[in-house]
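Take a look at the letters that make up each chain.
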Amino acid sequence: MTNSAQPPQAGRPTANAMRRALRRARDGVALDVSEAAVLLRARGGDLDDLTASAARVRDAGLEAAGRPGVITYSKSVFIPLTRLCRDKCHYCTFATVPGRLRRDGHGMFMSPDEVLDVARRGAAMGCKEALITLGDKPEDRWPEAREWLEAEGYDDTIAYVRAISIRILEETGLLPHLNPGVMTWTDFQRLKPVAPSMGMMLETTSERLWSEPGQPHYGSPDKEPAVRLRVLEDAGRSSVPFTSGLLIGIGETYEERADSLFALRRVARSYHGVQELIIQNFRAKPDTAMRGMPDAEIDDLVATIAVARHIMGPSGNIQAPPNLIAGEYERLIGAGIDDWGGVSPVTIDHVNPEKPWPQVEELAERSAAAGFRLAERLCVYPEFVRRGEPWLDPRLLPHLRALADPETGLARPDAVVEGHPWQEPDEGYVASSGRTDLHATIDTTGRTSDRRDDFDEVYGDWEALREQAAPGMVPSRIDGDVRAALKQAADDPTKLTDDEALALLHADGPALDALCAVADDIRKTVNGDDVTYIVTRNINFTNVCYTGCRFCAFAQRRTDADAYTLSLDQVADRAAQAWDVGAVEVCMQGGIHPDLPGSAYFDIARAVKERVPGMHVHAFSPMEVVNGATRTGLSIREWLTAAKEAGLGSIPGTAAEILDDEVRWILTKGKLPTATWIEVIKTAHELGIRSSSTMMYGHVDQPRHWLGHFRTLAAIQRETGGFTEFVTLPFIHTNAPVYLAGIARPGPTTRDNRAVTAMARVLLHPHIPNIQTSWVKLGQEGAAEMLRSGANDLGGTLMEETISRMAGSSYGSYRSIEDLVAIADAAGRPAKPRTTLYGEVPEERQRAAAASDGHLPELLPLAD
């Protein structure tokens, strides 16, 4: 029996502290954690005062949302997909063991037939939500779970959740709301196309309740607060409407409970993706370690709801499960809730089986008695239904439109719940659309405006981001001996310590000159004097993207004036034109277009290879690889294998930015995390698909981040040997949202560029032999300076370039061979063409390039 879960509570707050906190709540002043902890103890008249002000906040939010006096619920079925779990929560009766399942005549997972039977019965009763709940990663603990999944053809539990969600959508019309426990960023990418909403209770941020023996979460790896907060953030980064909340009365202190609420507010504020908070009261259950713990009191629940309402504000949605409140409907409404959660006419609450759901008619009557009209919503809240992309995957839109009122976003009372195809059986590449001449007119007409009109919403909360970025923007004090570090770099750069490397990354003046000379000497030893370049064409096949990268000025919504998507024929035409003027490579990348199927990347590669068999296809960043894999349901390895068979030759190591999640999550809302980038790159290398490597710097980063990035790349290269080169990518700030919001620096300084180039040469030696500088970002003089600082490669002719130009680069989109030779000449070195893999260029290709001097003919007419 767990007795130590009793919280070590401090005494009651002073009357003065309570009066002050209540006054601030009444006046609408933002509370801090200590004031919230005081208010959580409000009782009697103080609690009445608190709930009255909380109700006013709730009412203001409902008025602003266009549904005054409405309290919502979702008509659902509860599907316990598996009751096996790797965690051991001391209060849980949902999780069980394989032997008990067998004795009760159940499988390790519900079968598809069992799931669909429940879902069909729900559809017949007018339910619109399929609440899929299951234990965390059961296959990690139970061999029986692994065996079931393998026998049914699923790699893991998430694969089964995805597959059964598609069947529910197609065969019943119910909308899946997924609660599979702790998920990774990649899991969210896999599941977002099949479910309009997901959820996971935070429960508490108390480390004590997880780490100390005898506490309720001890022995449960998925209940570590930092892990659960990371899940909430990954949901926000992935633009997934997400439900979370607290479980109160499990032994937490009031201060810990207040801290938990503020942690939820921080995530909600940062990503605007928390669709509701559930405030759930602990109820002791027989046959659990916490059976002797007292239930959370109703006053405690009421106070917590009221404090949550004040902390989350009028736009937050607060829910209390109606089957756990002992009939105290009016008190909870009075405390500030605006939702009753899921209520099922078909299934029991499998987490609290002893507490039956109220009938919807009773819920409506009790709500009306408190002055509220009960209205049905979908599993995804109306705000997100109306927002649409990027919160809702296009493949779910037909299912949502069949059930949602287009004006309110609530459930349509007359909706027919029936299955709809989740996707067309023969997916095809989308047609050409939009400003397909942007690659040319970006240098003449320019972009339509410096920012999208959803600038203030799409990237998250700028003020919260500014606070998050501030600590990392503080330069570190460097006390290292630059002279000793220079000597070590010259003698044996592989033995540079981190302190010595940081000293050199901060070098300036004569020390920087000396560093560049050391780097240049290493370059001469490794590469000789030749400055290499490649005759290539960039083809950015679409700029429609909803990922939310805050540094990117390229991404557009499909309805924006500058948005475009090329057809397959247009892609092939541009590749053929490039071949005609001597190109040996096309470099193809695009936005994460929600309408492009994951197989579209294969179509693009095939289109080029069919038109120009000899062209090397260097294409698809790790972010595009993950997008393709999750959309097709393939693993990263399977997807890359299929892409290679379609003609992919190598991949660009872009989407790296800075390989440090501290920086990445400021730069981007939804891009892949560092670990996933590394997984894609390593997998590609293992399959014989080589890649470049890159670093974008000069924004919210510091030299310590550059050092970590270099160390990571060197470690990968020692393991795989798959990198062809390292490419420096100075941040172009002019139109970058993170700069326009006043958070990022205005790009790197000349000192930064020289130091990064030189230290790339030093720190990546001898693992990555080629260091490339970017003329499109630095211009002719800047590129020549980098050639004197350790670089040996100028990259490509490009022929067209949209990404840097949309960001505000002023150095054009094209350089002829003569231009590149001139840059090498300015550095006092000869120039030499190369292939993607740094091989010799065939004579025929060199003659074709020389004959046209790399200039493209007039572009072919572009399709409508």
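That block above? That's the structure.
Below, the structure is looked at part by part. Everything quoted here is computed from the prediction, not taken from an experiment.

Cut-offs used in this document
- Residues numbered from 1 in each chain as written.
- Predicted model: local features only at pLDDT ≥ 70, side-chain atom pairs only at ≥ 80, totals over all residues.
- Heavy atoms only, no water.
- Helix = DSSP H or I, 4+ residues; strand = E, 2+ residues; numbered from the N terminus.
- Rg over C-alpha atoms; globule rule 2.2 N^0.38 Å.
- Buried < 20%, exposed > 50% of the residue type's maximum accessible area, 1.4 Å probe, protein only.
- Contact = heavy atoms within 4.5 Å.
- Areas by Shrake-Rupley, 256 points an atom, 1.4 Å probe, with all protein chains shown as cover.
- Lys, Arg positive; Asp, Glu negative; His and termini not counted.
- Charge placed at Lys NZ, Arg CZ, Asp CG, Glu CD.
- Axes fitted to C-alpha atoms, helices over the stretch in contact; angles between N-to-C directions.
- Parallel < 35°, antiparallel > 145°, perpendicular 65-115°, else oblique.
- Left-handed = near helix turned anticlockwise from the far one by under 90°.
- Nonpolar A, V, L, I, M, F, W, Y, C, P; charged D, E, K, R; others polar.
- Salt bridge = Lys/Arg side-chain N within 4 Å of Asp/Glu carboxyl O.
- Phe/Tyr/Trp six-rings, centres within 6.5 Å; stacked < 30°, edge-to-face > 60°.
- Lys NZ or Arg CZ within 6 Å of the ring centre and 35° of its normal.
- Expected span 1.5 Å × (residues − 1).
- Core = buried A, V, L, I, M, F, W, Y, C linked by side-chain atoms within 4.5 Å.
- Disulfide = S-S within 2.5 Å.
- Right-handed = clockwise from strand over helix to strand, strands pointing away.
- Polar contact = N/O pair within 3.5 Å; in protein donor to acceptor, adjacent residues only side chain to side chain.
- Pairing = 2+ DSSP bridges.

**What to know about the overall build of the chain**
- Assigned secondary structure in the chain consists of 35 helices and 21 strands.
- Over its C-alpha atoms the chain spans a radius of gyration of 29 Å, differing by no more than 12% from the 29 Å that the globule rule assigns to 864 residues.
- With the C-alpha coordinates aligned to their principal axes, the bounding extent of the chain is approximately 85 × 60 × 55 Å.
- Buried residues in the chain amount to 62% of all 864 residues.
- If you take every contact in the chain between residues at least 6 apart in sequence, the share linking residues at least 24 apart comes to 78%.
- By element, 50% of the accessible surface of the chain is carried by carbon and sulfur atoms, the whole surface being about 31,000 Å².
- Taking the 94 positively charged and 122 negatively charged side chains of the chain as two groups, their mean positions are separated by 3 Å.

**Details of the environment of glycine 44**
- Secondary-structure assignment places glycine 44 in the loop between helix 2 (33-39) and helix 3 (45-65).
- The exposure class assigned to glycine 44 is partly exposed, which follows from its relative accessible area of 44%.
- Glycine 44 sits 139 residues away from methionine 183 along the chain, and the two C-alpha atoms are 41 Å apart.

**Description of the packing of helix 24 (residues 600-611) against helix 26 (residues 636-646)**
- Orientation of helix 24 relative to helix 26, taken along the N-to-C sense of each, is 20 degrees, at an axis distance of 8 Å. Relative to helix 26, the element helix 24 lies roughly parallel. By crossing handedness, the relation of helix 24 to helix 26 is classed as right-handed. Here Tyr601, Phe602, Ala605, Arg606 and Lys609 of helix 24 lie close against helix 26, whose contacting residues are Trp639, Ala642, Ala643 and Ala646.
- In the contact of helix 24 with helix 26, the residues fall into seven nonpolar, no polar and two charged.

**A word on the pattern of salt bridges**
- Taken as a whole and assessed by the stated rule, the structure comprises 52 salt bridges.
- We note a salt bridge from glutamate 785 to arginine 788, for which the minimum N-O separation is 3.0 Å.
- Taking the relative accessible area as the measure of exposure, glutamate 785 reaches 22% and is therefore partly exposed.

**What to know about the packing of aromatic side chains**
- Under the criterion given, the structure shown has 15 aromatic pairs.
- Centroid distance phenylalanine 384 to tryptophan 391: 5.1 Å. Interplanar angle 70 degrees. Geometry classified as edge-to-face. Of the two residues examined, phenylalanine 384 and tryptophan 391, each falls in the buried class.
- Here phenylalanine 541 and tyrosine 601 contribute two aromatic rings whose centre-to-centre distance is 6.3 Å and whose plane-to-plane angle is 75 degrees, an arrangement assigned as edge-to-face. Linking phenylalanine 541 in the loop between strand 12 (536-540) and strand 13 (564-565) with tyrosine 601 in helix 24, this pair joins segments that are 60 residues apart in sequence.
- Judged by relative accessible area, which is 1%, tyrosine 601 ranks as buried.
- Three or more aromatic residues link up through ring pairs in this structure, and these residues are Phe541, Tyr601, Phe602, Phe620 and Trp639.
- For the cation-ring pair, arginine 834 lies above tyrosine 838, with the distance from its terminal atom to the ring centre recorded as 4.0 Å.

**What to know about helix 22 (residues 509-527)**
- Between the first and last C-alpha of helix 22 there are 27 Å, a value that for 19 residues agrees with the 27 Å anticipated at 1.5 Å per step.
- Looking only at helix 22, the buried set comprises Leu512, Leu515, Cys516, Val518, Ala519, Asp520, Ile522 and Arg523.
- Among the structural elements, helix 20 (482-491), helix 21 (498-505), helix 31 (750-764) and helix 32 (775-787) are those in contact with the buried residues of helix 22.
- Of the residues one or two after helix 22, glycine 528 is the one with positive phi, at around 75 degrees.

**Quick notes on the nonpolar core**
- Counting 125 residues, the largest nonpolar core has Met588, Trp677, Phe710 and Met759 as its most contacted members.
- Among all residues touching tryptophan 677, those that are not within four sequence positions of it are Pro622, Gly653, Thr654, Ala655, Ala656, Leu659, Leu672, Leu713, Ile716 and Phe723.
- Membership of the second largest hydrophobic core comes to 120 residues, among which are Ala42, Leu81, Val161 and Val267.

**Description of the environment of isoleucine 248**
- By the element assignment, isoleucine 248 lies in strand 5 (residues 242-248).
- Expressed as a C-alpha distance, the spacing of isoleucine 248 and threonine 542, which sit 294 residues apart in the sequence, is 48 Å.
- Those residues in contact with isoleucine 248 that lie beyond four places of it in its chain are Arg257, Ile279, Gln280, Asn281, Phe282, Ala296, Asp300, Leu301 and Thr304.

**A few points about the state of the cysteines**
- In the structure shown here, the tally under the stated rule is zero disulfides.
- Cysteine cysteine 89 shares no disulfide, and the gap to the nearest cysteine sulfur, in cysteine 92, comes to 6.1 Å.
- Exposure remark for cysteine 89: the relative accessible area of 15% places this residue in the buried category.
- No disulfide involves cysteine 545; its sulfur sits 6.3 Å from the nearest other cysteine sulfur, which is in cysteine 549.
- Look at cysteine 545 and you get buried, because its relative accessible area is 10%.

**A short note on the pairing of strand 14 (residues 585-589)**
- Across the five residues that make up strand 14, a large majority, five, are buried.
- For the crossover that starts at strand 14, traverses helix 24 and ends in the parallel strand 15 (residues 616-619), the hand is right-handed.

**Some points on the side chain of aspartate 701**
- As for its placement among the helices and strands, aspartate 701 is situated in the loop between strand 17 (690-697) and helix 29 (703-720).
- Among the polar contacts made by the side chain of aspartate 701, one reaches the side chain of tryptophan 706 at a distance of 2.7 Å.

**A look at unusual backbone geometry**
- Cis geometry marks the peptide bond from glutamate 389 to proline 390; its omega dihedral reads 5 degrees.
- Structurally, proline 390 is set in the loop between helix 15 (382-387) and helix 16 (397-403).
- For the bond from histidine 765 to proline 766, the omega torsion is 0 degrees, close enough to zero to count as cis.
- Tracing the chain through its elements places proline 766 in the loop between helix 31 and strand 19 (771-772).
- Its identity as a non-glycine residue notwithstanding, glutamate 203 has a phi of 75 degrees, on the positive side.
- If you trace the backbone, glutamate 203 turns up in the loop between strand 4 (197-199) and helix 9 (208-211).

**Let's talk about the packing of helix 21 against helix 31**
- Direction vectors running N to C along helix 21 and helix 31 enclose 145 degrees, while the axes themselves pass 9 Å from each other. Along its contact with helix 21, which presents Ala501, Leu504 and Leu505, the element helix 31 presents Arg751, Ala755, Met759 and Leu763.
- A class-by-class count of the residues in the contact of helix 21 with helix 31 yields six nonpolar, no polar and one charged.

**Regarding the pairing of strand 1 (residues 70-82)**
- The buried fraction of strand 1 amounts to 13 of the 13 residues, a majority that puts the element mostly inside the structure.
- Strand direction decides the pairing type here: strand 1 and strand 9 (residues 373-377), joined by five bridges, are parallel. Within strand 9, the residue paired with serine 74 across the bridge is arginine 377.
- Looking at chain direction, strand 1 and strand 8 (residues 339-343) are connected through three bridges and run parallel. Paired with threonine 72 across the strands is aspartate 339, a residue of strand 8.

Geometry only, nothing functional implied.
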